[in-house]
Amino acid sequence: MTSDPADLTAADHLDAAREMTGANRPDLAHLLAEEAARRTADPATAAGIRAAFPDPAPTRKETD
């Protein structure tokens, strides 16, 4: 593991997203997958990553 976050690759972020999914942390998994997709040069691959880790709460509901 690197100490500089800038050195992390798309694969590193994708691995972490999978770990967070396994740990039942869908919000964090989604954020890590978004970063993996952002670091992916191929648009089709990036779209596939985003599809595999959708936003678990696409809309916010306000409550009183």
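See the structure shown above.
Quick summary incoming for the structure in this document. (Residues numbered from 1 in each chain as written. Predicted model: local features only at pLDDT ≥ 70, side-chain atom pairs only at ≥ 80, totals over all residues. Heavy atoms only, no water.)

**Things to note about the overall build of the protein**
Filter applied, for reference: Runs of E in the DSSP output that reach at least two residues are strands. Runs of H or I that reach at least four are helices, and both are numbered from the N terminus. The contact rule is simple, with two residues in contact once any of their heavy atoms fall within 4.5 Å. In this charge count, Lys and Arg are treated as positive and Asp and Glu as negative; neither His nor the chain ends contribute. All charge positions are set by atom: Lys at NZ, Arg at CZ, Asp at CG, Glu at CD.
The number of helices and strands found in the protein is 3 helices and 0 strands. Start at the N end of the protein and walk to the C end: the helices and strands fall as α-α-α. When contacts within the protein are restricted to residue pairs at least 6 apart in sequence, those whose partners lie at least 24 apart make up 43%. Both charge centroids of the protein, one from 7 positive and one from 12 negative side chains, sit 3 Å from each other.

**Re the environment of leucine 14**
Note on placement: leucine 14 falls in helix 1 (residues 10-22). Sequence separation between leucine 14 and glutamate 34 is 20 residues; the distance between their C-alpha atoms is 8.9 Å. Setting aside chain neighbours within four positions, we find leucine 14 in contact with Ala36, Ile49 and Phe53.

**Some points on the packing of helix 1 against helix 2 (residues 26-38)**
How we decide: Axis lines are fitted through C-alpha atoms, for helices just across the contact stretch, and the angle between N-to-C directions can take any value from 0 to 180 degrees. Between 65 and 115 degrees an angle is taken as roughly perpendicular, under 35 as roughly parallel, over 145 as roughly antiparallel, and anywhere else as oblique. Crossings are assigned a handedness: left-handed for a near helix turned anticlockwise from the far helix by less than a right angle, right-handed for a clockwise turn. Each residue gets one of three labels, nonpolar for Ala, Val, Leu, Ile, Met, Phe, Trp, Tyr, Cys and Pro, charged for Asp, Glu, Lys and Arg, and polar for the others, Gly among them.
The contact between helix 1 and helix 2 brings their axes to 8 Å, and the two run at 165°. One finds that helix 1 runs roughly antiparallel with respect to helix 2. Here the hand of the crossing between helix 1 and helix 2 comes out left-handed. Taking contact as the criterion, the partners of Ala10, His13, Leu14, Ala16, Ala17, Met20 and Thr21 in helix 1 are, on helix 2, Leu28, Ala29, Leu32, Ala33, Glu35 and Ala36. For the contact of helix 1 with helix 2, the per-class residue count stands at 10 nonpolar, 2 polar and 1 charged.

**Re the nonpolar core**
Quick reminder of the rule: The set of buried Ala, Val, Leu, Ile, Met, Phe, Trp, Tyr and Cys residues whose side-chain atoms join them within 4.5 Å is what this entry labels a nonpolar core. For the exposure calls, accessible area comes from a 1.4 Å probe over protein chains only, and a residue counts as buried if that area is under 20% of its type's maximum, exposed if over 50%, partly exposed in between.
Within the largest apolar cluster, 12 residues are counted, these being Ala10, Leu14, Ala17, Met20, Ala29, Leu32, Ala33, Ala36, Ala37, Ala46, Ile49 and Phe53. Put simply, the parts of the chain that give this core at least two residues each are helix 1, helix 2 and helix 3 (43-52). Sorting elements by how many residues they give to this core places helix 2 first, with 5 residues.

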